[in-house]
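Observations on the three-dimensional arrangement
Residues per chain are reported as follows:
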Amino acid sequence: MSAGQLATAQTPEHQRLIEANAGFKPWRTWGPYLSERQWGTVREDDSHDGNAWESFSHDQARSRTYQWGEDGLAGISDDRQLLCFALALWNGKDPILKERLFGLTNSEGNHGEDVKEYYYYLDSTPTHSYMRYIYKYPLNAFPYNELVATNKARSRYESEYELIDTGIFDESEYCDVEVEYAKAGPEDLLIQIRVHNRSNQRASLTVLPTLWCRNTWAHDGSNKPELKASQSTSGAACIEAWHSELGAFTLQCAGADELVFTENETNTERLFQQPNQSPYTKCGIHRYLVDGEHKAVNPAQRGTKASAIFKLSLAAHSSTSIQCRLSKATTESQNESAEHDFDQILNLRKQDCDAFYAHVMPAGLDAERQLVFRQAMAGMLWSKQFYNYDIAPWLQKRGIDPLAVTNKQVFRNQQWHHMNNCDVISMPDKWEYPWYAAWDLAFHTMAFSLVDPSFAKQQLSLMLSSRYLHPNGQIPAYEWNFGDVNPPVHAWATYYVYLTGVGLHGQADHQWLKQSFHKLLINFTWWVNRKDADGNNVYQGGFLGLDNIGIFDRTESPDMGGHLEQADGTAWMAFYAQTMVNIALELARSDETYREYPVKFIRHYLRISHAMVNRNASESMWDEEDGFFYDVLRKSDGSSTRLKVRSMVGLIPLCAVQVFDQDVVEQFPEIGEILQRMRDKYPDQHSSFHDISLKGYANRQMMSALDETNLRRVLKIMLDPDEFLSDYGIRSISKRHERDPYRFVHNQQEYVVQYLPAESDSGLFGGNSNWRGPIWMPVNFAIIRALSVYFTYFGNDFKVEFPTGSGQLANLYEIAENLSHRLVSIFTRNDEGLRPVFGSQQTFQRDPHWRDNLLFYEYFHGDNGAGIGASHQTGWSSLVVNLIHFFAANTQESRLASGGNTGPIPVERHSGI
């Protein structure tokens, strides 16, 4: 790395990114890579029936070692999770030491699994040189049993019973435990734990900064690491760690009352009624502190898990701080300047964080949007997790031969034995979904591209690498079933991240785009060969990420006497083909090798679009009478039925749109030639999808599954407040189904779909999400992108009534901007000073210690915008930052002049975005 490169860094954090990307300094080695929940995962499941929730419970977690990863409060680890640090807390009243977040399992919650704690990711830089987090810890006994019993007694028609509903925060009898990390160097971390007593009474609280090693030695025979007690030269209590792969580290804990040590080994006596191999077990510190069992910790002060105990007594409304330092090398081998400069370094890293976001965020954002932007990105960055899952040995341990010849999968993930995941990956939600999901991750990278494009590219490449991508070309879905099918949005994310790099960061990474394109070719071919059942360019795929949106489980359509032709799956494939056209064009500009590919994928797109809207069959997906797309149930007897649910399934075809600038057709005349040959070959063929040869604004040409007439018809439905348009975005199912549910009868059984703006009332896909009414950020983002692209083709003169029935006209950019404002307003204060995301919960809305700590939920109430589902699914809900960024940095005029296809991103590339 040259001095010139360093000189171009805009801020100190940008410089750290340059150093990390060049391999000059390992700034990303340490980060928030612990899970929030390792128990109840497929990886730790050793049951024969695959019931991961029951196989490894929260109650067992304090006493039973994990094999594949670790969890903890406000935790960090190295990028292989060999050495871990997190907090433990005890208020003197709880029956257990608070070492990890508590929540309900899928069977305990009336709407599936759900964390029952309050914690907030408030800040982070991309290299984690500065991070901030708050956990709200009640001073009275945590109501574990009440939460389980009350939720279990409630039906799916009732709301969830939350921790705040128990009244435990009513008198502010809790402490805010604020944790800040600041890196003095890549492997030198300053840790400040600031405890704020929010109550009117003196409070006693025990805080335990805890260091431990993941237990690898019991599984792979590696050398057992060791922690031991020592003192720094200034007399501060220290925990020294030695690991054969990491070397020596020291945790300095100035002011600790005592250090205690145990082993990260399972308490087999407690769990399985078998003698312990060692008297010191994983739950030893809990037994020592909570149960008063002094023999549970090692008097020799050695082990593989250790805590520094700080016994605090805080006056009402007072605060106190604990400062620790985790650094490489022993105390004797290093100077201790950082110990003396702790406050100065912490303040510098805060300033670096401020400077970084001041540079990244567009100028002119108000305080509310800055808050949303920064906390959304903090949630993204905190949601990185070390994900470890080597499937072949995992199967063998369960008595399954990974190479056994079988016609079908008889054990979970048996056909994915090639996979060996051992990487830091962005998680959807580190408690509710502490495993990656392919289409979630694609959206994550779009947000990451604004602050750390190298990490975004690395995440996309990971899913296409030989350790992940199936040899047949399928991208893995998620650990519960890697063979399930997510929407094919990987190519879109790849092109989006590439163009963001070009426009926002000045980096055209052609080599990465080429490598990605080759792997995407394989995946596209898998879709064509595996998910087009009849070879008619009509696609299936099952639930395709939309869980319960259908009248039945869409993965089980053969039980209905045929197969399902899916409007969303087919539209996603049309969009996939369009995106591959654009990637191929970008590569062909400088490499003739790729010149044949644009025409190949245009052919694919044309065939798919024709099948969607003009198929020569008894029923096509396009309903000419309704002006909308529906799934079609194609039965084995040759009959077919449109399943006329007005849902997001019928809006995804709107998203299949790309635009060519004039120079593309001039540089690649073969595109015009293939289109002319198609017209000559099929002169009488009428089609309802857009004619690519038609010229639009600035002589642009467009690939769209909808012609102008049908686009207007779909928009009329989508923008109707009595259908899809909410004050907070586009609903996943039309509100018309509230008064007019869709009913379908098969074999004397009636299936009903009704508009449900909040939680699901069915158990489909675990019942912990709902696509029958709420607002989902990723598909709203796709719709806004599409409107922005249509605008570059149609220009200012194309207007529709918005909202439908209002008598007011708006162009497509104005509608896109308005939809974006509705989505952003979920998180910002309205005229009454309330944030819709918090719903009717007054503590969240009014209390100064709560109201500005944001949560980015999985989805949002279809009528009032309240957050629902996984409370920390910042992953795709952080797309709100892309919306803020784009519409703050662009105008109608700049967007119209720029053209392009990726929007909404604030990037100008050649003549377009």
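Residues numbered from 1 in each chain as written. Predicted model: local features only at pLDDT ≥ 70, side-chain atom pairs only at ≥ 80, totals over all residues. Heavy atoms only, no water.

Moving on, we come to the overall build of the chain. What the chain contains, in helices and strands, is 28 helices and 34 strands. With the C-alpha coordinates aligned to their principal axes, the bounding extent of the chain is approximately 90 × 70 × 60 Å. Expressed as a percentage of contacts within the chain between residues at least 6 apart in sequence, the contacts between residues at least 24 apart total 70%. Here the chain displays about 31100 Å² of accessible surface, and carbon together with sulfur accounts for 45% of that area. Each charge class in the chain can be summarised by its mean position, and for the 84 positive and 113 negative side chains these summaries are 2 Å apart. (Helix = DSSP H or I, 4+ residues; strand = E, 2+ residues; numbered from the N terminus. Contact = heavy atoms within 4.5 Å. Areas by Shrake-Rupley, 256 points an atom, 1.4 Å probe, with all protein chains shown as cover. Lys, Arg positive; Asp, Glu negative; His and termini not counted. Charge placed at Lys NZ, Arg CZ, Asp CG, Glu CD.)

This part takes up the sheet that holds strand β12 (residues 237-243). Two pairing modes exist for strands in a sheet, parallel and antiparallel, and in both the strands are linked by backbone hydrogen bonds. Taken in spatial order, the nine strands line up as β6-β7-β8-β9-β17-β13-β12-β11-β15 in an open sheet, and their pairing is antiparallel. Looking at the sheet topology across the chains shown, the edges are occupied by β6 (119-124) and β15 (302-303). In this structure, strand β11 (residues 226-231) lies alongside β12, joined through six bridges in antiparallel fashion. Directly across from S230, in β12, lies its bridge partner C238. In the packing of helix α10 (residues 342-360) onto the sheet, contacts are made with β6, β7 (130-138), β8 (174-185), β9 (188-197) and β17 (319-328), and the angle to β8 comes to roughly 90°. Where helix α11 (residues 367-382) meets the sheet, its contacts fall on β6, β7 and β8, and the angle it forms with β6 comes to roughly 100°. (Pairing = 2+ DSSP bridges. Axes fitted to C-alpha atoms, helices over the stretch in contact; angles between N-to-C directions.)

Now for the sheet that holds strand β2 (residues 73-78). Ordered by their spatial adjacency, six strands build an open sheet running β1-β2-β3-β10-β16-β14, and the pairing between neighbours is antiparallel. Here the strands that pair on one side only, and so sit at the sheet edges, are β1 (30-31) and β14 (258-262). Across two bridges, the pairing between β1 and β2 is antiparallel. What sits directly across from W30, in β2, is D78.

At a minimum axis distance of 7 Å, the contact between helix α2 (residues 12-21) and α10 shows a crossing angle of 90°. In this view, α2 runs roughly perpendicular relative to α10, as classed from their interaxial angle. Judged by residue contacts, P12, E13, H14, R16 and L17 of α2 engage R349, D352, F356, H359 and V360 from α10. In terms of residue class, the contact of α2 with α10 is made up of four nonpolar, two polar and four charged. (Parallel < 35°, antiparallel > 145°, perpendicular 65-115°, else oblique. Nonpolar A, V, L, I, M, F, W, Y, C, P; charged D, E, K, R; others polar.)

Another aspect to go through is the pairing of β6. In terms of burial, β6 is a largely internal element, six of the six residues being buried. Bridge count between β6 and β7: five bridges; the pairing is antiparallel. Residue S124 lies in a different strand from β7, and its bridge partner there is M131. If you look at the hairpin formed by β6 and β7, you'll find five residues sitting between the two strands, and H128 has a positive phi there, around 60°. (Buried < 20%, exposed > 50% of the residue type's maximum accessible area, 1.4 Å probe, protein only.)

Those residues of helix α21 (residues 708-718) lying buried are N710, L711, V714, L715, I717 and M718. Burial along α21 is one-sided: seen end-on, the buried residues are contained in an arc of 160°. α21 presents T709 and K716 as exposed residues on the side facing more than 90 degrees away from its buried surface. (Arc of directions from axis to C-beta.)

Another aspect to go through is a positive patch on the surface. A surface patch of like charges, here positive, comprises K600, R603, R607, R677 and K681. For the positive patch, the elements supplying multiple residues, two or more each, are α18 (597-614) and α20 (669-681). If you tally residues by element for the positive patch, the top one is α18, at three residues. As for its position among the elements, K681 is in helix α20. (Patch = residues over 30% accessible without salt bridge, like charges linked within 9 Å, V, L, I, M, F, W, Y side chains within 5 Å. Salt bridge = Lys/Arg side-chain N within 4 Å of Asp/Glu carboxyl O.)

Summed over the entire model, instances satisfying the criterion amount to 68 aromatic pairs. Measuring from ring centre to ring centre gives 6.1 Å for Y121 and Y133, while their planes differ by 45°; the resulting arrangement is tilted. Within this pair, whereas Y121 is found in strand β6, its partner Y133 is found in strand β7, the two being separated by 12 residues in sequence. Since its relative accessible area comes to 5%, Y121 is described here as buried. Relative to Y630, the ring of F628 lies with its centre 5.5 Å away and its plane at 55°, an arrangement referred to as tilted. Y630 gets classed as buried once you look at its relative accessible area, which sits at 2%. Among the aromatic residues, ring-to-ring pairing joins W439, F443, W492, Y496, F575, W771, W776, F781, Y859 and W876 into one connected group. Its end group placed over the ring of F142, K98 keeps NZ or CZ at 3.9 Å from the ring centre. Across from the ring centre of W512, 5.9 Å away, lies the NZ or CZ of K457, which sits over that ring. (Phe/Tyr/Trp six-rings, centres within 6.5 Å; stacked < 30°, edge-to-face > 60°. Lys NZ or Arg CZ within 6 Å of the ring centre and 35° of its normal.)

Here we come to the nonpolar core. Formed by 223 residues in total, the largest nonpolar core has its most connected members in L715, M718, I783, Y790 and V880. When residues in this core are grouped by element, the largest group, 15 residues, is from helix α17 (residues 567-588). When near neighbours in sequence (up to four residues on either side) are disregarded, Y790 contacts L654, V657, M702, S704, L706, L711, G795 and L812. (Core = buried A, V, L, I, M, F, W, Y, C linked by side-chain atoms within 4.5 Å.)

Bringing the environment of G23 into the picture now. Position of G23 relative to the elements: it lies in the loop between α2 and β1. For G23, a relative accessible area of 62% puts it in the exposed group. It is 42 Å that separates the C-alpha atoms of G23 and S47, two residues lying 24 residues apart in sequence.

We now examine the side chain of E240. With respect to the helices and strands, E240 occurs in strand β12. In this structure E240 is buried but unpaired, with K228 as the nearest side chain of opposite charge at 4.2 Å. At 3.0 Å, the side chain of E240 and the side chain of S230 are in polar contact. (Polar contact = N/O pair within 3.5 Å; in protein donor to acceptor, adjacent residues only side chain to side chain.)

Attention now goes to helix α23 (residues 777-794). Across its 18 residues, α23 extends 26 Å between first and last C-alpha, which sits within 8% of the 26 Å expected from 1.5 Å per residue. Within α23, 18 of the 18 residues are buried, which leaves it mostly tucked inside the rest of the structure. Once α23 ends, the next one or two residues include G795, with phi positive near 80°. (Expected span 1.5 Å × (residues − 1).)

So, about the confidence of the model for the chain. Averaged over every residue, the pLDDT of the chain is 92; residues scoring 70 or more account for 94%. Low pLDDT, under 50, characterises residues 1-7; the stretch is placed with nine contacts to residues that sit more than four places away or in other chains. Throughout residues 905-913 the model reports pLDDT below 50, and contacts reaching past four residues in sequence, or to other chains, amount to 42 contacts. (pLDDT = per-residue confidence, 0-100.)

The buried fraction of β7 is high, at eight of nine residues. Bridging between β7 and β8 involves nine bridges; their strand directions are antiparallel. Bridge pairing links Y130 to A182 in β8.

It is worth spelling out the environment of D691 at this point. Tracing the backbone through its elements, the reader meets D691 in the loop between α20 and β26 (701-704). Measuring from C-alpha to C-alpha, the distance between D691 and A705 comes to 9.5 Å, with 14 residues separating the pair along the chain.

This part takes up unusual backbone geometry. Residue P803 is reached from F802 by a cis peptide bond, and omega for that bond is -10°. Note that P803 resides in the loop between β31 (799-801) and β32 (809-811). In this structure, N413 takes a positive phi of about 60° despite not being glycine. Within the secondary structure, N413 is located in the loop between α12 (391-397) and β19 (420-426).

Opposite charge on two side chains allows them to pair when their charged atoms are near. Counting across every chain of the model gives 52 salt bridges. Between E245 and R80 there is a salt bridge, with its nearest N and O atoms 2.8 Å apart. With a gap of 165 residues between them, E245 in the loop between β12 and β13 (247-253) and R80 in the loop between β2 and β3 (83-90) connect regions that are remote in the sequence. Relative accessible area serves as the criterion here: at 32%, R80 is assigned to the partly exposed category. Between R743 and E750 there is a salt bridge whose closest N-O contact spans 3.6 Å. A single salt-bridge network, built from bridges that share partners, covers E13, R16, R349 and D352.

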